[in-house]
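Reading the structure
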Amino acid sequence: MQIPVIIQTIGLLILSNVFMTIAWYGHLKNLSSKPWWIAALISWGIALFEYLLQVPGNRIGFSQYSLAQLKIMQEVITLAVFVPFALVFMQQPFKLDYVWAALCLMGAVYFIFRT
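What this report covers is the structure whose coordinates are included nearby.

**What about the packing of helix H3 (residues 67-89) against helix H4 (residues 96-113)?**
Taken N-terminus to C-terminus, the directions of H3 and H4 make an angle of 160°; their axes are 9 Å apart at the nearest point. It follows from the interaxial angle that H3 and H4 lie roughly antiparallel. Viewed along their axes, H3 and H4 form a crossing whose handedness is left-handed. Facing Ala68, Gln69, Ile72, Met73, Glu75, Val76, Leu79, Val83, Ala86 and Leu87 of H3, the residues of H4 in contact are Tyr98, Ala101, Ala102, Leu105, Ala108, Val109, Ile112 and Phe113. Each residue belonging to the contact of H3 with H4 can be placed in one class, and the counts come to 16 nonpolar, 1 polar and 1 charged.

Written as structure tokens, this is what we have:
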């Protein structure tokens, strides 16, 4: 049984975003006492896994979705991964702005996928 393209694409992009979020923001909590270049090297190492998942995710998705659809999909996934990361891992307070941003992205999804 073949896994549908949408499931493959979303799955790979979610995993990619987990690595991306950790690489981009995790060092702010875990490596704040280290020099920036150490944080950069560790982040680049983590980001490698992001790219190993993101590139095939986008290539698979591009077989059925437009570039704009892939970008909007990526932005929705980014927010869906980032908000729990910010709240749980980084212990940031919840902001109503997260809700407004999500509503704006829902509008973007509607417009980009309506045709």
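**Things to note about the nonpolar core**
Within the largest apolar cluster, 7 residues are counted, these being Val5, Leu13, Tyr65, Leu70, Met73, Ile77 and Val81. Going through the elements one at a time, helix H1 (5-30) and H3 are the ones with two or more residues in this core. Broken down by element, this core gets its largest block of residues, 4 residues, from H3. Beyond its immediate sequence surroundings of up to four residues, tyrosine 65 is in contact with Val5, Ile6, Leu70, Met73 and Phe113. The next biggest cluster of nonpolar side chains, apart from the first, holds 5 residues, and it includes Leu79, Val83, Tyr98 and Leu105.

**Quick look at the side chain of glutamine 69**
Within the secondary structure layout, glutamine 69 lies in helix H3. The exposure class of glutamine 69 is buried, given its relative accessible area of 11%. Residues in contact with glutamine 69, not counting those within four places in the same chain, are Ile112 and Phe113.

**A few points about the environment of valine 99**
Mapped onto the fold, valine 99 is located in helix H4. Sequence spacing of valine 99 and alanine 39 is 60 residues, and the spatial spacing of their C-alpha atoms is 31 Å.

**Description of helix H2 (residues 36-61)**
Compared with the 38 Å implied by 1.5 Å per residue over 26 residues, the 35 Å span of H2 between its first and last C-alpha is a close match. Within H2, burial applies to Ala39, Ala40, Ser43, Ala47, Glu50, Leu53, Gln54, Gly57 and Gly61. For H2, the elements touching its buried residues are H1 and H3.

Conventions used here
Residues numbered from 1 in each chain as written. Predicted model: local features only at pLDDT ≥ 70, side-chain atom pairs only at ≥ 80, totals over all residues. Heavy atoms only, no water. Axes fitted to C-alpha atoms, helices over the stretch in contact; angles between N-to-C directions. Helix = DSSP H or I, 4+ residues; strand = E, 2+ residues; numbered from the N terminus. Parallel < 35°, antiparallel > 145°, perpendicular 65-115°, else oblique. Left-handed = near helix turned anticlockwise from the far one by under 90°. Contact = heavy atoms within 4.5 Å. Nonpolar A, V, L, I, M, F, W, Y, C, P; charged D, E, K, R; others polar. Core = buried A, V, L, I, M, F, W, Y, C linked by side-chain atoms within 4.5 Å. Buried < 20%, exposed > 50% of the residue type's maximum accessible area, 1.4 Å probe, protein only. Expected span 1.5 Å × (residues − 1).

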